[in-house]
Amino acid sequence: MEVQLIRNATVKIRYGGKVWLVDPFFADRHTLPSFAGKSPNPVVSLPLPVSEILKDVDYILITHLHPDHFDAKAQASIPKSMPFFVQPSDVEPLAKMGFVNLNSIENEKRISNTTITRVAAQHGEGEILKVMGAVSGFVLEEDSESTLYITGDTIWCNSVKSTIHKHHPGVVICNAGGNIFSPESNPFQEYLTLHRTHKLIMDEKQVLEMLIDRSSLKVIAVHIGALDHETVSREHLKTYLKTHQVDTKRIFVPEDGERIKLIDS
């Protein structure tokens, strides 16, 4: 298994002899609105040309259609015949964009030698859930590889814990920027009034909870360093986990463009 962080939650994965591109987000730096009133997004450029990112990709895997996971530039750049694997609610919107090879995963599917299972995700907590929409995680299983769990945008919650206990992944790709929406910077103010700050995905404390819950896990922390409503930096996450005596061999916090090769032990 090889995992390459592109940027944000966009990762390129070599698994089971195939190449998967997860949540392609190709926007140029500072071309999208701010989420926190600090800076236009994304706050950094792509580390590679789009043509290189798409090279050798067999499948596109989408956890949900928020613009930092599948944006207009990705929609324009990816061939309309490329095979997509998505949650059921995203099939119709993607078809309207012109994509024709859409595989809806209600529960699980077998692709070549890999089984892909859709699992629950909880994109936040409290009243913010009213506007966040459907989000999924995915588990990839193949006989010659460690089981891989892609959490998608979720906080640490019972459904994530249940997925880990049921599927026993060796590796988790975890969205861990601690992103928030606050009453002062609420992009949904037309539909919803926020009375407090709401967490949207895992932060350093929740990543630690996950590592403690299952001592065999290796975690690749992504969704860091690209958006202005994050609360966790790469250095902070590494320092926090080191302070709490997490084995450094269990946690990877890659830079944009970095490749991580994982060999079964």
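Considering the overall build of the protein chain
Right, so step 1: Within the protein chain, the regular secondary structure consists of seven helices and 16 strands.
Right, so step 2: Overall size of the protein chain, expressed as C-alpha extent along the three principal axes, is 50 × 50 × 35 Å.
Right, so step 3: Every one of the 265 residues in the protein chain was classed for burial, and the buried ones make up 55%.
Right, so step 4: Intrachain contacts of the protein chain at a sequence separation of at least 6 include 64% that bridge at least 24 residues.
Right, so step 5: Total accessible area on the protein chain is roughly 11400 Å²; 49% of this is exposed by carbon and sulfur atoms.
Right, so step 6: In the protein chain, 28 positive and 33 negative side-chain charges are present, and the distance between their average locations comes to 2 Å.

Details of the layout of surface pockets
Right, so step 1: For the largest pocket, the calculated volume is near 270 Å³.
Right, so step 2: Considering the residues around the largest pocket, the lining is formed by 20 residues, among which Phe 35, His 66, Pro 67, Asp 68 and Phe 181 are closest to the centre.
Right, so step 3: Here the lining of the largest pocket is built from residues that sort into twelve nonpolar, six polar and two charged.

Overview of the nonpolar core
Right, so step 1: Counting 27 residues, the largest nonpolar core has Cys 174, Val 207, Met 210, Val 219, Leu 237 and Leu 241 as the members making the most contacts within it.
Right, so step 2: Only helix H5 (158–167), strand E11 (171–175), helix H6 (204–213), strand E14 (218–222) and helix H7 (234–243) provide two or more residues apiece to this core.
Right, so step 3: At four residues, H6 tops the list of elements feeding residues into this core.
Right, so step 4: If we ignore the near neighbours within four places in the chain, the residues touching Val 219 are Val 172, Cys 174, Val 207, Met 210, Leu 211, Arg 250, Ile 251 and Phe 252.

Here's the deal with the pairing of strand E3 (residues 18–22)
Right, so step 1: Among the five residues that make up E3, four are buried, leaving the element largely enclosed by the rest of the structure.
Right, so step 2: Sheet topology note: the strand E2 (residues 10–15)/E3 ladder contains five bridges and is antiparallel. Bridge pairing in E3 places Ile 13 opposite Trp 20.
Right, so step 3: With antiparallel pairing between neighbouring strands as the criterion, E2 and E3 make up a hairpin whose turn holds two residues, including Gly 16 at a positive phi of roughly 60 degrees.
Right, so step 4: Looking at chain direction, E3 and strand E4 (residues 59–61) are connected through three bridges and run parallel. Across the sheet, Trp 20 pairs through a bridge with Tyr 59, a residue of E4.

Digging into the side chain of His 223
Right, so step 1: Tracing the backbone through its elements, the reader meets His 223 in the loop between E14 and H7.
Right, so step 2: Among the polar contacts made by the side chain of His 223, one reaches the side chain of Asp 153 at a distance of 3.4 Å.
Right, so step 3: Excluding residues within four positions of it along the chain, His 223 makes contact with Asn 8, Ala 9, Asp 68, His 69, Asp 153, Asn 175, Ala 176, Gly 177, Asn 179, Ile 201 and Glu 230.

Some remarks on the pattern of salt bridges
Right, so step 1: Going through the model one piece at a time under the given rule, you end up with eleven salt bridges.
Right, so step 2: When the shortest N-O distance is used, the salt bridge between Asp 203 and Lys 199 registers 2.8 Å.
Right, so step 3: A relative accessible area of 24% means that Lys 199 is categorised as partly exposed.
Right, so step 4: For the salt bridge of Arg 234 with Glu 255, the shortest nitrogen-to-oxygen distance reads 3.7 Å. Separated by 21 residues along the polypeptide, Arg 234 in helix H7 and Glu 255 in the loop between strand E15 (251–252) and strand E16 (259–261) bring together distant segments of the chain.
Right, so step 5: Exposure remark for Arg 234: the relative accessible area of 13% places this residue in the buried category.

A short note on the sheet that holds E16
Right, so step 1: The sheet built from seven strands is open, its strands ordered E6-E5-E4-E3-E2-E1-E16 with mixed pairing. Strand pairing shows two members of the sheet lacking a second neighbour, strand E6 (102–104) and E16, which therefore form its edges. Recorded for the sheet is a direction-independent mean angle of 20 degrees between the axes of neighbouring strands.
Right, so step 2: Examined bridge by bridge, E4 and strand E5 (residues 84–86) share two bridges and lie parallel to one another. Each residue of the ladder has a partner; that of Leu 61, found in E5, is Phe 85.

Some words on the packing of H6 against H7
Right, so step 1: Put simply, H6 and H7 touch, their axes get as near as 10 Å, and they point 45 degrees apart. With respect to each other, H6 and H7 are oriented oblique. Crossing geometry of H6 relative to H7 is assigned as right-handed. Listed contacts from H7 to Glu 204, Lys 205, Val 207, Leu 208 and Leu 211 of H6 are His 236, Leu 237, Tyr 240 and Leu 241.

Points about the packing of aromatic side chains
Right, so step 1: Summed over all chains, the structure comprises seven aromatic pairs.
Right, so step 2: Judged by centre distance (5.3 Å) and plane angle (90 degrees), the ring pair of Tyr 59 and Phe 85 falls under edge-to-face. With a gap of 26 residues between them, Tyr 59 in strand E4 and Phe 85 in strand E5 connect regions that are remote in the sequence.
Right, so step 3: For Tyr 59, a relative accessible area of 12% gives the class buried.
Right, so step 4: On the basis of relative accessibility, which here comes to 4%, the residue Phe 85 falls in the buried class.
Right, so step 5: The rings of Trp 20, Tyr 59 and Phe 85 are connected pair by pair, giving a single aromatic cluster.
Right, so step 6: When the ring centre of Phe 25 is taken as origin, the NZ or CZ atom of Arg 7, which lies over that ring, is 4.7 Å away.
Right, so step 7: Sitting above the plane of the Phe 99 ring, Lys 80 keeps its charged end 4.7 Å from the centroid.

Rules of the game
- Residues numbered from 1 in each chain as written.
- Predicted model: local features only at pLDDT ≥ 70, side-chain atom pairs only at ≥ 80, totals over all residues.
- Heavy atoms only, no water.
- Helix = DSSP H or I, 4+ residues; strand = E, 2+ residues; numbered from the N terminus.
- Buried < 20%, exposed > 50% of the residue type's maximum accessible area, 1.4 Å probe, protein only.
- Contact = heavy atoms within 4.5 Å.
- Areas by Shrake-Rupley, 256 points an atom, 1.4 Å probe, with all protein chains shown as cover.
- Lys, Arg positive; Asp, Glu negative; His and termini not counted.
- Charge placed at Lys NZ, Arg CZ, Asp CG, Glu CD.
- 1 Å grid on protein atoms, 1.4 Å probe; cavity = no way out; pocket = protein on both sides within 12 Å on 5 of 7 lines; lining within 4 Å.
- Points joined across faces, edges and corners; volume = space filled by probe spheres on them.
- Nonpolar A, V, L, I, M, F, W, Y, C, P; charged D, E, K, R; others polar.
- Core = buried A, V, L, I, M, F, W, Y, C linked by side-chain atoms within 4.5 Å.
- Pairing = 2+ DSSP bridges.
- Polar contact = N/O pair within 3.5 Å; in protein donor to acceptor, adjacent residues only side chain to side chain.
- Salt bridge = Lys/Arg side-chain N within 4 Å of Asp/Glu carboxyl O.
- Axes fitted to C-alpha atoms, helices over the stretch in contact; angles between N-to-C directions.
- Parallel < 35°, antiparallel > 145°, perpendicular 65-115°, else oblique.
- Left-handed = near helix turned anticlockwise from the far one by under 90°.
- Phe/Tyr/Trp six-rings, centres within 6.5 Å; stacked < 30°, edge-to-face > 60°.
- Lys NZ or Arg CZ within 6 Å of the ring centre and 35° of its normal.

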